[in-house]
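# Close look at the chain arrangement
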Amino acid sequence: MTTPLRCDINAEAGWFLGMDVNLTIVVYAAGTTQEQIDAGTAVKADITGQALSWMLKRSVDDPDSKAAIAAKTTAGGGISLTDPTNGECKVTIPAADTDTLLPGTYVHELKRTTSGFEMVYGQDTVELRRGVHRV
């Protein structure tokens, strides 16, 4: 069993509404602590061939059908395994996905959806900001 790690995207990260974003997410081996990641001693998981899903919601309690950004997946598009033997994937979020959202705090999650092996790899908050330029 894996304990979901923090993957906070705070205001300092600079994610603005209406902005193209590529999130690079690294999955670590079971039992990894945030301290090990920070120290550079954590072992990265091999995610080769895994089915993954990423989603953004206003609240963790919202149903999936009410997601602020519908699921991005390895099967349906939006997630690519960029260096799977080193646990790395990329979630691509086009600007249009956030054009209609309001600024504020959201929650996001990366989950393994491989049948029989489902687990949350990481979950935390996202701070979406509004920029000066708007269409």
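To be clear, the structure that these remarks concern was listed above.
Below is a summary of the structure that appears in this document. (Residues numbered from 1 in each chain as written. Predicted model: local features only at pLDDT ≥ 70, side-chain atom pairs only at ≥ 80, totals over all residues. Heavy atoms only, no water.)

### Points about the sheet that holds strand β3 (residues 69-73)
Let me state the cut-off plainly: At least two DSSP bridges between two strands are required for those strands to pair. Labels follow the DSSP assignment, with helices taken as runs of H or I lasting at least four residues and strands as runs of E lasting at least two, numbered in each case from the N terminus. To define axes, lines are fitted to C-alpha atoms, for helices over the stretch in contact only, and angles between the resulting N-to-C directions are given on a 0 to 180 degree scale.
Ordered by their spatial adjacency, four strands build an open sheet running β3-β2-β6-β7, and the pairing between neighbours is antiparallel. Looking at the sheet topology across the chains shown, the edges are occupied by β3 and β7 (119-128). Sheet twist, expressed as the mean angle between neighbouring strand axes with direction ignored, is 15°.

### Describing the pairing of strand β4 (residues 79-83)
The pairing of β4 with strand β5 (residues 88-93) spans three bridges and is classified as antiparallel. Across the sheet, residue Ile-79 finds its bridge partner in β5, namely Val-91. The turn linking β4 back onto β5 is made up of four residues, and Gly-87 within it adopts a positive phi angle of 70°.

### Some details on the pattern of salt bridges
So the rule is basically this: Any carboxyl oxygen of Asp or Glu that lies within 4 Å of a side-chain nitrogen of Lys or Arg is treated as forming a salt bridge with it. The classification of residues rests on relative accessible area computed with a 1.4 Å probe and restricted to protein chains. Under 20% of the type maximum is buried, over 50% is exposed, and intermediate values are partly exposed.
Considering all chains together, one arrives at three salt bridges under this definition. For Lys-72, the salt bridge goes to Asp-97, with nearest N and O atoms at 2.5 Å. With Lys-72 in strand β3 and Asp-97 in the loop between β5 and β6 (104-112), this pair connects stretches of sequence that are 25 residues apart. Here Lys-72 falls in the buried class, since its relative accessible area comes to 12%.

### Description of the nonpolar core
Looking at soluble globular proteins, one finds that nonpolar side chains tend to be buried together. Keep this limit in mind: Nonpolar cores were defined as sets of buried Ala, Val, Leu, Ile, Met, Phe, Trp, Tyr and Cys residues, with membership established by side-chain atoms within 4.5 Å. Any pair of residues with heavy atoms lying within 4.5 Å of one another is described as a contacting pair.
Counting residues in hydrophobic clusters, the biggest one holds 22 residues, and the most contacted among them are Trp-15, Leu-23, Trp-54, Leu-56, Ile-93, Leu-110 and Leu-128. Sorting the residues of this core by element identifies β1 (21-26), β2 (52-57), β5, β6 and β7 as the ones contributing at least two each. In contact with Leu-56, other than residues within four places in its own chain, are Ala-67, Ala-68, Ile-69, Leu-101, Tyr-106, Val-107, His-108, Val-126 and Leu-128.

### Brief notes about the side chain of Gln-50
Let me state the cut-off plainly: N or O atoms closer than or at 3.5 Å make up a polar contact, with two conditions inside protein: a donor-capable atom paired with an acceptor-capable one, and, for residues adjacent in sequence, both atoms drawn from side chains.
The residue Gln-50 is located in the loop between α1 (34-39) and β2 in this model. A distance of 2.6 Å separates polar atoms of two side chains, one belonging to Gln-50 and the other to Tyr-121. Apart from the residues within four sequence positions on either side, Gln-50 is in contact with Thr-74, Leu-81, Arg-112, Thr-114 and Tyr-121.

### Looking at the side chain of Thr-73
With respect to the helices, strands and loops of the structure, Thr-73 is situated in strand β3. Among the polar contacts listed, one links the side chain of Thr-73 to the backbone nitrogen of Ala-75, at a separation of 3.4 Å.

### Comments concerning the pairing of β6
Sheet topology note: the β2/β6 ladder contains six bridges and is antiparallel. Looking across to β6, one finds that Trp-54 is bridged to Leu-110. Summarising the sheet, β6 and β7 pair through nine bridges and their orientation is antiparallel. The residue bridging Leu-110 from the neighbouring strand is Gly-122, located in β7. Between β6 and β7, which pair antiparallel in sequence order, lie six residues; one of them, Gly-116, sits at a positive phi of approximately 85°.

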